[in-house]
Amino acid sequence: MKAFSVFFAAFSLLLLLLHGAGFRCNPTPSLPKGIYRIAPGAPERGDLVAFCLESAVWTPVARERGYLESGSCPSGLRPLLKRLAGLPGDAVDVTPDGMKIVPVTGPGRFWPAPARDRDSMGRPLPAGSLRSGGIPAGMALVLGEHPGSFDSRFFGLVPLARMTRVEPVFTFTQGEHHE
């Protein structure tokens, strides 16, 4: 039992040091599972970003239902890692089949997974926060690559100023890894 306690303490210290050095772990299918690190520069469309969910409605739901594990955010939950899909001035058209994001310049992109009113276990969700219209100043749309990702389709827009860019260090899918 003492060996386990020492191992657990050493492992916890290692995780704390890695987090302090800017490394983040993604254990979910929202993006490829693996290790990411904080990268310099302001987030731009298409970048991978990390941020803390700070919603008076969604943070308690995420905690109570186990959508997010414990972590380093002020809420006590772990940061989310998503793709920055929409920026201020972009138009978002939410339909029953999905959403179209039309940037200020360039062609739009259709994301086939629509906003949801129930979670994967059939439990009702709070009223959707994502609506059709323009993305206002200071806000951004974040999406995971998995259709069931806990992202803006659930909790709406996220403050852009609270996002940091991340880059993959080591990611893997079933049976393979990427460096």
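Residues numbered from 1 in each chain as written. Predicted model: local features only at pLDDT ≥ 70, side-chain atom pairs only at ≥ 80, totals over all residues. Heavy atoms only, no water.

Peer 1: Even after reading the chapter, I still don't get the environment of Val104, so can you show me in this structure?
Peer 2: Summarising the element assignment, Val104 is placed in the loop between β6 (98-102) and β7 (109-111). Residue Val104 is classed as exposed on the basis of its relative accessible area, which comes to 60%. Sequence spacing of Val104 and Leu87 is 17 residues, and the spatial spacing of their C-alpha atoms is 8.7 Å. (Helix = DSSP H or I, 4+ residues; strand = E, 2+ residues; numbered from the N terminus. Buried < 20%, exposed > 50% of the residue type's maximum accessible area, 1.4 Å probe, protein only.)

Peer 1: I tried to follow the sheet that holds strand β8 (residues 133-134) on my own but got confused; where do I start?
Peer 2: Strands pair in a sheet through their backbones, by hydrogen bonds, and they do so in one of two ways: parallel or antiparallel. One open sheet accounts for 4 strands, arranged β7-β6-β5-β8; its pairing is antiparallel. Sheet topology places β7 and β8 at the edges, where each strand pairs with a single neighbour. By the bridge criterion, 3 bridges tie β6 to β7 in an arrangement that is antiparallel. Within the sheet, the bridge partner assigned to Met99 lies in β7 and is Trp111. (Pairing = 2+ DSSP bridges.)

Peer 1: Please clarify how the side chain of Ser152 should be interpreted in this entry.
Peer 2: You can see Ser152 is positioned in helix α3 (residues 152-155). In this structure Ser152 comes out as buried when scored by relative accessible area, which is 0%. A polar contact of 3.0 Å, which involves the side chain of Ser152, links it to the backbone nitrogen of Val142. Apart from residues lying up to four places away in sequence, Ser152 is in contact with Leu130, Ala140, Leu141, Val142, Leu143, Leu157 and Val158. (Polar contact = N/O pair within 3.5 Å; in protein donor to acceptor, adjacent residues only side chain to side chain. Contact = heavy atoms within 4.5 Å.)

Peer 1: Could you clarify how one ought to interpret the pattern of salt bridges in this entry?
Peer 2: Side chains carrying opposite charge are able to pair once their charged atoms draw close together. Within the structure shown, the criterion is met by 8 salt bridges. Here Arg162 makes a salt bridge to Glu54, at a shortest N to O gap of 2.6 Å. Of this pair, Arg162 sits in the loop between β10 (158-159) and β11 (164-173) while Glu54 sits in the loop between β3 (48-51) and α2 (58-65); the two residues are 108 residues apart in sequence, bridging distant segments of the chain. With a relative accessible area of 47%, Arg162 lands in the partly exposed category. For Arg83, the salt bridge is made with Glu145, and the minimal N-O distance between the two is 2.8 Å. Residue Arg83 is found in strand β4 (residues 80-86), and its partner Glu145 is found in the loop between β9 (139-143) and α3; the two are separated by 62 residues along the sequence. Classification of Arg83 by relative accessible area gives partly exposed; the value is 23%. Connected through shared salt-bridge partners, Asp47, Arg165 and Glu167 make up one network. (Salt bridge = Lys/Arg side-chain N within 4 Å of Asp/Glu carboxyl O.)

Peer 1: In this structure, what is going on with the pairing of strand β1 (residues 23-26)? I would like to understand it.
Peer 2: Consecutive residues of a regular strand have side chains that alternate between opposite faces of the sheet. The alternating pattern of β1 places Arg24 and Asn26 on a buried face and Phe23 and Cys25 on a face that is not buried. In this structure, β1 lies alongside strand β2 (residues 33-38), joined through 4 bridges in antiparallel fashion. Bridge pairing links Cys25 to Ile35 in β2. Between β1 and β2, which follow one another and run antiparallel, lie 6 residues.

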